[in-house]
Amino acid sequence: MPLELIKEVNGVPEVEPLNKLHRVSFRSLQPGCDYSKKYIQGKLSHISSLTGGGNRTAILKIGLQEQENADSEINTINVLFFGKLAKDCAKVFYDGDTIAVAGFIVLSSSSSTSKDGEHCLFLKAFEDLKSTVYVYVKSVINISAESMSLAPAAHYVYTPLNELKSGMIINVYGVVKFFKPPYLSKGTDYCSVVTIVDQTNAKLTCLLFSGNYEALPMIYKNGDIVRFHRLKIQVYKNETQGITSTGFASLTFEGTLGAPIIPRTASKCFNLTTKDHKMVETLRAWASTNISPSSTLVKLCDVQPMKYFDLTCQLLGKAEVDGASFLLKVWDGTRTPYPSWRVLIQDVAFHGDLSHIHRLQNLTVDILVYDNHVQVAKSLKVGSFLRIYSLHTKLQSVNSESQATSLALEFHLHGGTSYGRGIRVLPESNSDVDQLKKILECASLTANQCSDACQSEYEDSSYPTSSGSVSLYEVERCQQLSATILTDHQYLENTPLCAILKQKAPQQYRIRAKLRSYKPKRLFQSVKLHCPECHSLQEVPHEGDLDLILQKGAANAPDTKLQNTTLYDSKIWTTKDQGERKVAIHFVKNNGILPLSNDCLVLIEGGTLSEICKLASKFHGVIPVRSGREDLELLDLSAPFLIQGKVRHYGCKQCSSLRPIQNLNSLVDKTSWIPSSVAEVLGIVPLRYVFVMTFTLDDGTGVLEAYLMDSDEFFHIPPSEILTSDDLQQNMEMIMDLFCPPGIKIGPLGSRDSVKGSDPLQEKGELATANKIWAQQSSSSSLWYWEVVLELTKQDSAVCSGM
């Protein structure tokens with residue numbers, strides 16, 4: 001392999017792959033000599049950014065310093081890596097690394113780009129040169145096994161949980177069924193309790209101790225997968241237990257199917273092989289069908305009184321209330337179903353941005369933590385993402401001098417560690433944190449819009465407190481007049497709907513009205529596919545219909561004459577129990593070299609929808625194809641022309657003029673695979689995902705239906721992602737519930753009778769299209785006034801404009 005990592009333990013390499021090669025010093029290097037069986041070694045002194053040369057080949061430049069001959073005139077040499085080797089090295093090189101290079105050629109500085117008279121060493125990673133780079137590392141860096149090999153290390157054997165016996169010191173894999181976050185024991189060590197299961201359905205409870213908090217397993221939720229090395233087995237009260245022994249080490253992996261296999265550990269020295277990857281994937285698949293997903297993880301919008309649950313949230317502020325309790329102000333982007341209890345913080349030192357918390361208003365909650373959790377809470381950084389385990393809620397009556405007694409929801413993290421009670425900081429790389437960030441971004445934007453349109457008239461003391469106060473739900477007041485600043489059409493004055501209903505198209509108007517209703521109510525049904533050329537709208541294909549289309553495309557076997565071309569390398573296999581269906585996968589090359597999987601585009605013939613989705617999760621993109629007479633060709637454009645992750649890109653049948661797959665060769669950059677560029681070279685007019693909705697607006701003088709087509713400006717949610725994300729669908733529902741609260745109806749208005757029956761605009765064949773929309777809440781009701789710029793158009797030519 002052109003790149004190998006050699007693990008060092010206490011500064012000593014575990015293996016010596018260079019024993020059979022002859023080491024040469026920097027000062028003895030000469031152009032024209034044969035260095036195929038020789039190597040140099042030095043310390044990485046500097047590294048440049050990865051660049052492209054004149055032919056777009058990747059180039060990486062580093063400097064190596066020879067430590068043994070530090071006093072020599074020539075003790076530093078510039079090294080250039082080209083192509084795939086350059087890309088792979090750029091991912092693993094760090095300043096200070098010890099690096100050895102074997103199988104290289106030497107060019108004199110006069111024929112190179114060297115500066116300061118230093119020698120330059122060009123390493124070419126082509127097969128005929130057989131260059132190899134060895135990197136001495138203290139930890140194994142997570143790089144695809146396709147790009148490099150790991151020098152042989154210790155061979156570990158893993159014992160199934162049903163074969164454990166007292167006194168054994170073993171290595172095990174398991175799925176977490178229960179755990180307690182690390183906590184300080186009665187002694188000086190930290191302790192964590194973990195219960196794991198495996199495919200044998202056997203269970204093992206482990207009591208893990210360490211003087212270092214970070215050395216214990218980094219488990220974030222039930223369903224995570226753990227690997228324990230050197231775990232000692234004992235029997236206590238007739239139950240088998242696992243305990244730490246000398247040299248105990250652990251790795252934790254996310255248990256979600258399809259998630260990247262990235263180990264969580266504070267250790268800088270561990271092995272991770274292809275066998276480990278297979279073990280994790282096997283356990284993930286088994287757990288997905290044999291272990292029920294945890295139901296304790298709850299959002300604030302779903303909490304109920306007198307319940308215990310786990311909460312994923314962001315810390316906005318903290319304060320010490322007294323010696324036995326500590327306040328945490330958190331949010332998760334959703335609103336509790338009951339008013340939230342507020343802790344009085346006027347006389348205590350508060351850490352956090354109170355103005356930001358005020359802007360978020362009733363999206364934040366106060367949590368009181370007690371006893372052993374206080375010290376952990378004090379160490380938390382404002383802005384960090386938390387998972388709080390076994391949080392308790394209860395309803396508390398709140399007395400107010402200005403109103404009758406009301407109820408507020410309290411949040412408590414009691415002392416002790418029963419039922420896994422505790423707090424854990426989640427890294428920003430965690431997938432749950434990534435989803436939470438998207439929700440918070442949407443909620444923050446909505447809250448800022450509300451804040452801009454409202455004038456807050458409460459101080460911090462008006463928060464509900466333990467001694468009694470007024471709920472945030474009841475003190476919100478907004479100005480009657482809009483505080484929104486129009487960014488376009490400023491010259492238009494507000495026009496009553498009754499006047500618009502009498503006008504003829506085309507016209508533009510600005511109105512101020514309430515949102516009476518909207519369609520569709522099932523918001524995911526509002527996502528459509530729109531062609532920017534012919535302006536046609538079509539439904540997004542259903543999963544079942546798409547699977548049938550792909551099955552039809554798989555009816556013909558792949559043509560072997562079209563495999564292994566200059567564009568791609570091909571692999572073919574025959575499925576079992578499916579009529580021996582043949583599936584061909586073509587891996588598109590970049591300048592004749594196969595890129596890493598996350599940069600690689602694959603073409604698939606004969607694949608099912610599930611197989612294509614699995615490939616899309618591992619590779620940069622997937623294009624479903626079939627064998628034509630002279631070249632591979634796209635399937636019917638009823639199927640996506642490109643699939644990237646969970647996003648499927650479609651083309652317009654009417655406007656597209658398909659070209660051969662070999663046209664992909666004309667793309668200069670074969671690593672980014674931008675959908676618009678792929679569509680262009682293949683003769684496809686791409687369809688864009690849009691929201692298409694109907695808003696019924698009422699200003700008291702009339703009722704009008706406005707049609708909205710939006711890509712992502714109004715909801716700030718990509719329509720392409722709404723179909724695959726329950727969280728984004730909930731965000732969208734939350735926004736619409738805010739604008740049009742369910743169960744609240746607009747009362748009788750003076751001119752309502754004049755517009756009952758059919759819409760006059762519909763009778764005249766005209767439509768109102770919403771060009772711009774702003775929302776502003778009325779202080780007299782929970783409904784929102786909308787600032788809308790409408791364009792009146794003929795029905796037969798009406799096209800919904802973007803937001």
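Everything quoted here is computed from the prediction, not taken from an experiment.

The rules behind these values
- Residues numbered from 1 in each chain as written.
- Predicted model: local features only at pLDDT ≥ 70, side-chain atom pairs only at ≥ 80, totals over all residues.
- Heavy atoms only, no water.
- Helix = DSSP H or I, 4+ residues; strand = E, 2+ residues; numbered from the N terminus.
- Buried < 20%, exposed > 50% of the residue type's maximum accessible area, 1.4 Å probe, protein only.
- Areas by Shrake-Rupley, 256 points an atom, 1.4 Å probe, with all protein chains shown as cover.
- Salt bridge = Lys/Arg side-chain N within 4 Å of Asp/Glu carboxyl O.
- Expected span 1.5 Å × (residues − 1).
- Phe/Tyr/Trp six-rings, centres within 6.5 Å; stacked < 30°, edge-to-face > 60°.
- Pairing = 2+ DSSP bridges.
- Axes fitted to C-alpha atoms, helices over the stretch in contact; angles between N-to-C directions.
- Contact = heavy atoms within 4.5 Å.
- pLDDT = per-residue confidence, 0-100.
- Disulfide = S-S within 2.5 Å.
- Polar contact = N/O pair within 3.5 Å; in protein donor to acceptor, adjacent residues only side chain to side chain.

J.: Got a sec to walk through the overall build of the protein chain? Specific residues and values, please.
T.: Counting secondary structure elements, the protein chain contains 13 helices and 37 strands. Taking all 803 residues of the protein chain together, the buried fraction comes to 49%. Accessible surface, the protein chain: about 38,400 Å² in total, of which carbon and sulfur atoms supply 50%.

J.: I'd like a description of the pattern of salt bridges, backed by residues and values.
T.: This model, assessed by the stated rule, comprises 13 salt bridges. K589 is the salt-bridge partner of D569, the closest N and O atoms lying 3.4 Å from each other. In this pair, D569 is assigned in strand β27 (residues 568–574) and K589 in the loop between β28 (582–588) and β29 (601–605), connecting sequence segments 20 residues apart. As a salt-bridge pair, E633 and R626 come within 3.3 Å of each other at their nearest N and O atoms. Taking relative accessible area as the criterion, E633 reaches 34% and is therefore assigned partly exposed.

J.: Kindly report on helix α12 (residues 726–739), identifying the contributing residues and their values.
T.: Here α12 is 14 residues long and its end C-alpha atoms lie 20 Å apart, about the 20 Å a rise of 1.5 Å per residue gives. Within α12 the residues assigned to the buried category are D727, L728, Q729, N731, M732, I735, M736, L738 and F739.

J.: With reference to specific residues and values, describe the packing of aromatic side chains.
T.: Considering all chains together, one arrives at 6 aromatic pairs under this definition. Taken together, a centroid distance of 5.2 Å and an interplanar angle of 85 degrees make the contact between F179 and Y389 edge-to-face. In this pair, F179 sits in strand β12 (residues 169–184) while Y389 sits in strand β21 (residues 385–400), placing the two residues 210 residues apart along the sequence. Taking relative accessible area as the criterion, Y389 reaches 4% and is therefore assigned buried. Seen in terms of ring centroids, Y190 and Y213 are 5.4 Å apart; in terms of plane orientation they differ by 85 degrees. Their pairing is edge-to-face.

J.: Hey, could you go over the sheet that holds strand β15 (residues 225–236) for me, with residue numbers and the actual values?
T.: On the basis of which strands lie adjacent, the closed barrel formed by 5 strands has the order β12-β13-β14-β16-β15 and mixed pairing. Averaged over all pairs of adjacent strands, the angle between their axes in this sheet comes to 50 degrees, without regard to strand direction. Of the strand pairs in this sheet, strand β13 (residues 190–197) and strand β14 (residues 203–210) are connected by 8 bridges, and their pairing is antiparallel. Among the inter-strand pairings, S192 is bridged to a residue of β14, identified as L208. Against the sheet, helix α2 (residues 274–290) engages β12, β13, β15 and β16 (239–253), with an angle of about 65 degrees to β12.

J.: Describe in detail the confidence of the model for the protein chain, supporting the description with residues and values.
T.: Low-pLDDT portions of the prediction should not be read for the details of their coordinates. Averaged over every residue, the pLDDT of the protein chain is 76; the share at 70 or more is 77%. Confidence, expressed as mean pLDDT per element, reaches its minimum in the protein chain at helix α6 (residues 472–475) with 31 and its maximum at β13 with 94. This model gives residues 453–487 a pLDDT under 50, and the stretch forms 91 contacts once residues within four places in sequence are excluded.

J.: A description of the pairing of strand β6 (residues 58–65) should follow, citing residues and the corresponding values.
T.: Consecutive side chains of a regular strand alternate in pointing toward one face of the sheet and then the other. Along β6, 6 of the 8 residues are buried, which leaves the element largely enclosed by surrounding structure. Pairing of β6 with strand β7 (residues 76–82) involves 7 bridges; the strand directions are antiparallel. Counted as the bridge partner of G63 is N78 from β7.

J.: I'd like to hear about the environment of G553, residue by residue, with values.
T.: Take G553: it is sitting in helix α8 (residues 543–553). Take G553: its relative accessible area is 17%, and that puts it in the buried class. Between the alpha carbons of G553 and T608 there is a distance of 9.3 Å; along the sequence they are 55 residues apart. Ignoring any residue separated from it by four or fewer positions in sequence, one finds G553 in contact with R626 and L635.

J.: Help me get a handle on the state of the cysteines, residues and values and all.
T.: Enumeration over the complete set of coordinates arrives at 0 disulfides. Here C652 stays free of any disulfide, with the sulfur of C531 as its closest cysteine sulfur at 3.7 Å. Classification of C652 as buried rests on a relative accessible area of 2%.

J.: Lay out the environment of L231 in plain terms, naming residues and giving numbers.
T.: Mapped onto the elements, L231 comes out in strand β15. Looking at L231, the relative accessible area reads 0%, which means it is buried. Counting along the chain gives 59 residues from L231 to V172, while the straight-line C-alpha distance between them is 7.8 Å. Ignoring sequence-local partners within four residues, the contact set of L231 consists of M168, I169, I170, V172, L204, C206, L208, G242, I243, T244, S245 and F248.

J.: Give a description of the side chain of S656 that names residues and reports values.
T.: Relative to the helices and strands, S656 is located in the loop between β33 (647–649) and α10 (675–681). Judged by relative accessible area, S656 falls into the buried class, the value being 15%. At a separation of 2.6 Å, a polar atom in the side chain of S656 contacts the main-chain carbonyl oxygen of C652. In terms of polar contacts, S656 uses its side chain to reach the backbone amide nitrogen of V685, at 2.9 Å.

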